[in-house]
Amino acid sequence: MLNFLKSILGGESTDIKNLVENGAMIVDVRTPEEFKSGHIKGAVNMPLGTIAKHTQQLQKHAGPIVAYCRSGARSSMAVKEMKSLGLDAYNGGGIGAMQDALR
């Protein structure tokens with residue numbers, strides 16, 4: 001069931017904690033207001049509608065990118081966009097799931 005939901009939301013069955021521990025860039029695709037209210041340590045804020053504007057910054061990162069949002073829906077869309085740009089991107093899901101994965 002979980003894999004089915006991940007496939008719908010574009011989630012990965014990847015070890016997010018391992019990716020982050022090995023240098024993955026963490027991208028919070030929520031609004032700046034949501035980001036200011038609390039975020040994952042080390043995350044950079046790139047709201048969903050601005051991903052294309054950050055292409056060069058994202059491409060400069062040599063490793064994978066993990067995106068998250070509030071529920072996993074926006075991060076799923078962001079990951080699809082990043083992958084279309086040739087980036088190695090993964091959906092961390094919602095902020096709660098991301099926090100759980102990093103414990």
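The rules behind each value
- Residues numbered from 1 in each chain as written.
- Predicted model: local features only at pLDDT ≥ 70, side-chain atom pairs only at ≥ 80, totals over all residues.
- Heavy atoms only, no water.
- Helix = DSSP H or I, 4+ residues; strand = E, 2+ residues; numbered from the N terminus.
- Buried < 20%, exposed > 50% of the residue type's maximum accessible area, 1.4 Å probe, protein only.
- Contact = heavy atoms within 4.5 Å.
- Pairing = 2+ DSSP bridges.

**Points about the environment of M25**
Point 1. Inspection of the secondary structure assignment puts M25 in strand β1 (residues 25–28).
Point 2. The exposure class assigned to M25 is buried, which follows from its relative accessible area of 14%.
Point 3. Distance in space between the C-alpha atoms of M25 and G42 is 8.2 Å, their sequence separation being 17 residues.
Point 4. Aside from chain neighbours lying at most four places away, what touches M25 is V44, Q57, L58, H61, P64, I65 and V66.

**Regarding the sheet that holds β1**
Point 1. Strands sit in the order β2-β1-β3-β4 across an open sheet of 4 strands; the sheet is parallel. The open sheet has two free edges, formed respectively by β2 (44–45) and β4 (89–94), since each of these has just one partner strand.
Point 2. Pairing of β1 with strand β3 (residues 65–69) involves 4 bridges; the strand directions are parallel. Each residue of the ladder has a partner; that of M25, found in β3, is I65.

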